[in-house]
Structure formats: structure tokens, C-alpha cells
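# Residue-level structure breakdown
Single-letter residue listing:
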Amino acid sequence: MEKKLENFILKGGRLIDAASGRDGPFDVRVRGGVIDAIGADLLPGGATVIDVQGLIVTPGLIDVHLHLMKGLGAFGVDPDVFGVGSGVTTVVDAGSAGHSLLNIFRNYVTDNAKTRVLNYINLSTLGGVTGPGYSILADPRLIDEDKIEKAVEANRDIIVGIKIMATGGALGAQGLKPLERARKLGDTLRLPLLVHIGESWTKDTAPVHVGDVLKYLRAGDIVTHMFTVHPGGLLDGNGKLWPQVRDAKQSGVLMDVGHGLHNLNFDVARRVLDQGLHPDGVSTDGHRGNRAGPVYDLPTTMAKLMALGVSLKQVIEMATNNAAKLLGRAGDLGIVRVGQPADISVLKLEEREWQAVDSQKGTIPAHQALLPVYAIRRDTIYEPLPIERP
Ligand SMILES: [Zn+2]
């Protein structure tokens, strides 16, 4: 359900916005799609009142890792399912399209979505065409720097980085060479690398050591699947962080959750968090095959982090201000500010007991649930799609 309103006010909510430093009872007024006032006890001034008492108002939530090429293979999902249909205003595709599919992605996905759709271009020309179980980087001809550069330059407004599958299965006989080429390309194009770690698909190949992957990463690059239990993850055989992981984090490499069907494991997450390594980004790795569980949506993934001990404020900051920084869009996204187009999420924090389930069906008790209530983009207010959550 969606409705357009020329003039409305979100009244009585708790605004949590790390970017502006606000956490408290602030009303937000929107006129002609633009925020025209933020303050305690604002007068409606003729605006339609939307009662958000007892609810949480945040900058529009950002989900930084999904598979959004609807119709592509078993995974591609309509961006509005995990987007405005889940209380989220910005979704980012992680490598469905290589350079040859990028125009199709732009014309059929980005331009038709109600949600803002950004894109990590795949280093491999094949992108997500084959599905994840193939060696999409094992033939050197499958990386074409010139064509990637052309596609990026024509689509800078939606491209936020380059996606690389750093698995033995994807790299095959090329070993680390694709990472070397990705590094050069990232530097040339001034784009961060988004690197998948964890041998979640092909079990019969030797995994790539995360320490070898991290050698190619710099400040602002992103490692996704930080809580994976599969070979190639952040922990050594004794459950300790590899020393290279700490060094990378110190040097400014960012860590993202990337829940998905395989890569959120509560035991791993506990160990990683206990050793003081915290996520920079929270994401669903949402696709057609995990919407009905174990992933559901971004608010549920955020609530799972809360069950692991991350605070509400921290998890909201991850999904707003931090996500905007990670995408190179700070100041533009992830903030509620007068004069900017309205881009807002409204959430409900419910105090209740439930069992959070990870990708391996492990459970932990959770005491709070987080539910989407509205996603707001300019003058349009979207209600979430029905979903059965745990
Ligand atoms: Zn993914």
C-alpha cells in the first residue's frame, strides 16, 4: 500500500539520526516531498498528521548487499520487496550485472523501482548469469577492464563499487590474479572493492585465505560475509581472528554482515564480536531464495544483531549513516535534514521474546523485534509487504 501526500507531518516519534546527532522526540514535516521542518512539538500548519507515537523515525534505511536483477536465475528479486516493501529506501545490488548487463540492469531494474537502487558492478563479465557455483573469474578473458571502465563512466550515478568473488570456486586456476586486477581497476576508477569471502558454494576447491585477500584491500574497501562459518572466513582454527583481519580493520577496510542463505552464523558472530571487531555495515544479502527465511528483511537482520548485543542506536547507525559512508554517499543519504528530499524509515521496536535463526539454523533468544512501519521517499509513503516473521 502506498499513498502520496503533498503536505504531512510525522508526529510524536523518536528520531534517531546519528548523522545529525539527534536522538529524541522530534517531529518531521514534509512539504512537496522536501523536509521543511524538524523539531519538538512542531505545529502541523495544515499538514496531514501521521501519528508515529511510540515508533522510531530514522533516515531511510540502506541495505548494502542484495541480488536485485529480477528474473535472473534463482536469485534475482524485485528491489521493492526488500526495499520500500520492507521499510527500506535504498537497496544495493552486489554484482548481478557485469559490464555487459549493466544497461539492462539500469533500464529494467533501477529505472522501474520505487526504491533507490544502486549497484556494485561485477568484475566478471558473467556477473550473476551462471549463479554462484561457477568459476566466473577463472578465465582471464572474463575480466575486461576497458569495458568495465566505459560502463562505470556512463553510470557513475548508480555505481558504488566493484564486486569480486574471492573464493577458490570463483577464482579457479587464476588464483589471486583477479584480485590484483581488481585492485588496479579500483584505483583507476576511484571505486571501492566489495569482496565476498567464504567458500559457501563450491566445497571441493581449496579456499582462499582471508589474509591473502586482505593484502589487496585498502581503506574504504568492503569485506562482506564477516560472520561466515565457511572456509575462508575471519577466524582461524581456534576461533581467533586472523591477525591480518585486525590490521585491515585498523587500516580502514570495512566489514559488512551479508546475512544470506549461508553466511550469518551466530557462533562465529559471537566470537568475532567478543574479540572487539564490529560490523560497519548490516545487510541482508537478500534474494528470492531467502525472503521467506532465514533472512526476511533488513529490520529482522538488524534485530538479530541486537540479539547478539549490538545496541539499537548502533544498528540504526550502521543501516543509515555508516551505510551512506560505505557507499560514498554521506551527506546525501543516511541523514534527515531540512531542505533535503524526504528519505525516511519508520520502525516499531517490540519488546517480546522470539528465537533468532541464523543461516545454519542455529538459534539464540532475542528480546526485541524490529518491524518496518513505513518507508518514505519524497511525497510517497509505503507500507511494508505482508511477511511472516519469526
Ligand atoms: Zn550476495
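Residues numbered from 1 in each chain as written. Predicted model: local features only at pLDDT ≥ 70, side-chain atom pairs only at ≥ 80, totals over all residues. Heavy atoms only, no water.

## Some words on the overall build of the protein
- Scanning the protein from N- to C-terminus turns up 10 helices and 18 strands.
- Taking 390 residues into account, the globule formula puts the C-alpha radius of gyration at 21 Å, and the protein, at 20 Å, falls close to it.
- Considering only C-alpha atoms, the protein reaches an extent of 65 × 45 × 35 Å along its principal axes.
- Carbon and sulfur atoms make up 51% of the accessible area of the protein, which amounts to about 15,100 Å² in all.
- Of the side chains in the protein, 42 bear a positive and 44 a negative charge, and the two mean positions are spaced by 1 Å. (Helix = DSSP H or I, 4+ residues; strand = E, 2+ residues; numbered from the N terminus. Rg over C-alpha atoms; globule rule 2.2 N^0.38 Å. Areas by Shrake-Rupley, 256 points an atom, 1.4 Å probe, with all protein chains shown as cover. Lys, Arg positive; Asp, Glu negative; His and termini not counted. Charge placed at Lys NZ, Arg CZ, Asp CG, Glu CD.)

## Comments concerning the pairing of strand S5 (residues 27-31)
- Burial runs high along S5: four of the five residues are buried.
- Bridging between strand S2 (residues 7-11) and S5 involves four bridges; their strand directions are antiparallel. Bridge assignment links Phe-8 to a residue of S5, and that residue is Val-30.
- Sheet topology places S5 next to strand S6 (residues 34-39); five bridges connect them, and they run antiparallel. Considered in S6, the bridge of Val-30 is made with Ile-35.
- Between S5 and S6, which pair antiparallel in sequence order, lie two residues; one of them, Gly-32, sits at a positive phi of approximately 60°. (Buried < 20%, exposed > 50% of the residue type's maximum accessible area, 1.4 Å probe, protein only. Pairing = 2+ DSSP bridges.)

## Remarks on helix H9 (residues 298-307)
- Most of H9 is tucked away, with 10 of its 10 residues classed as buried.
- Leu-298, Pro-299, Thr-300, Thr-301, Met-302, Ala-303, Lys-304, Leu-305, Met-306 and Ala-307 are the residues of H9 that are buried.
- Each element contacted by the buried residues of H9 is listed here: strand S9 (61-66), strand S10 (88-94), helix H8 (266-274), helix H10 (312-326), strand S16 (343-357) and strand S17 (363-377).
- Just beyond H9, the residue with positive phi is Gly-309, at close to 110°. (Contact = heavy atoms within 4.5 Å.)

## Let's talk about the pattern of salt bridges
- Under the defined criterion, the tally for this structure stands at 20 salt bridges.
- Residues Asp-187 and Arg-183 are paired through a salt bridge, measuring 2.8 Å at the closest nitrogen-oxygen approach. With Asp-187 and Arg-183 both in helix H5 (residues 177-189), this residue pair falls four residues apart, about one helical turn.
- Residue classification places Asp-187 among the partly exposed positions, given a relative accessible area of 44%.
- For Glu-350, the salt bridge identified is with Arg-352, shortest N-O distance 2.6 Å. (Salt bridge = Lys/Arg side-chain N within 4 Å of Asp/Glu carboxyl O.)

## Observations regarding the nonpolar core
- Leu-123, Ile-164, Phe-227, Leu-234, Met-302 and Leu-305 are the most contacted members of the largest nonpolar core, which totals 88 residues.
- The element best represented in this core is H9, accounting for six residues.
- Once you skip the residues sitting within four places of it in the chain, Leu-305 turns out to touch Phe-227, Val-257, Pro-279, Val-282, Val-310, Val-315 and Met-318. (Core = buried A, V, L, I, M, F, W, Y, C linked by side-chain atoms within 4.5 Å.)

## Quick notes on the packing of helix H3 (residues 145-154) against H5
- Packing of H3 against H5 leaves a shortest axis separation of 11 Å and a crossing angle of 35°. The chirality of how H3 crosses H5 is right-handed. Contact residues: H3 offers Glu-145, Ile-148, Glu-149, Val-152 and Glu-153, while H5 offers Arg-181, Leu-185 and Leu-189.
- Class assignment for the residues of the contact of H3 with H5 results in four nonpolar, no polar and four charged. (Axes fitted to C-alpha atoms, helices over the stretch in contact; angles between N-to-C directions. Left-handed = near helix turned anticlockwise from the far one by under 90°. Nonpolar A, V, L, I, M, F, W, Y, C, P; charged D, E, K, R; others polar.)

## Focus on the coordination of the zinc ion
- The protein atoms that coordinate the zinc ion are His-65 (NE2), His-67 (NE2) and Asp-285 (OD), at distances spanning 2.1 to 2.2 Å.
- For the zinc ion, the donor residues sit on a single chain with the sequence spacing H-x1-H-x217-D. Note that His-65 is positioned in strand S9 and Asp-285 in the loop between H8 and H9, a separation of 220 residues in sequence. For the pair shown, His-65 and Asp-285 are each scored as buried. (Donors = N, O, S within 2.8 Å, 3.2 Å for Na, K, Ca; no water.)

## Some points on the packing of aromatic side chains
- Taken as a whole and assessed by the stated rule, the structure comprises zero aromatic pairs.
- Geometry around Phe-26 places Arg-22 over its ring, the cationic atom sitting 5.4 Å from the centre.
- Over the face of the ring belonging to Phe-82 we find Arg-291, whose NZ or CZ atom lies 5.4 Å from the ring centre. (Phe/Tyr/Trp six-rings, centres within 6.5 Å; stacked < 30°, edge-to-face > 60°. Lys NZ or Arg CZ within 6 Å of the ring centre and 35° of its normal.)

## Topic: the side chain of Arg-329
- Residue position: Arg-329 is located in the loop between H10 and S16.
- Within the buried set, Arg-329 has no salt-bridge partner at all; the shortest N-O distance to an opposite charge, 4.8 Å, is to Asp-332.
- One polar contact links the side chain of Arg-329 to the main-chain carbonyl oxygen of Asp-157, over a distance of 3.0 Å. (Polar contact = N/O pair within 3.5 Å; in protein donor to acceptor, adjacent residues only side chain to side chain.)

## Observations concerning the sheet that holds strand S12 (residues 159-165)
- If you trace the seven strands from one edge of the open sheet to the other, you get S9-S10-S11-S12-S13-S14-S15, paired in parallel fashion. Strands at the two margins of the open sheet, each flanked by one partner only, are S9 and strand S15 (254-256). The mean inter-strand angle of the sheet, taken between neighbouring strand axes irrespective of direction, is 25°.
- Note that strand S11 (residues 116-122) and S12 share four bridges and pair parallel. Looking across to S12, one finds that Asn-119 is bridged to Ile-159.
- Strands in contact with H3 are S11 and S12; relative to S11, the strand with the most contacts, it is inclined by about 165°.

## Here we look at the side chain of Asn-155
- Locating Asn-155 in the fold gives a position in the loop between H3 and S12.
- Overall, Asn-155 belongs to the buried group, its relative accessible area being 4%.
- If sequence neighbours within four positions are ignored, Asn-155 has contacts with Leu-102, Asn-103 and Arg-106.

## Quick word on H3
- Listing the buried residues of H3 in full gives Ile-148, Ala-151 and Val-152. The buried residues of H3 occupy one face: seen down the axis, they fall within an arc of 100°. Turned more than 90 degrees off the buried face of H3, the exposed positions are Asp-146, Lys-150 and Ala-154.
- In this structure, the buried residues of H3 make contact with helix H2 (102-109), S11, S12 and H5. (Arc of directions from axis to C-beta.)

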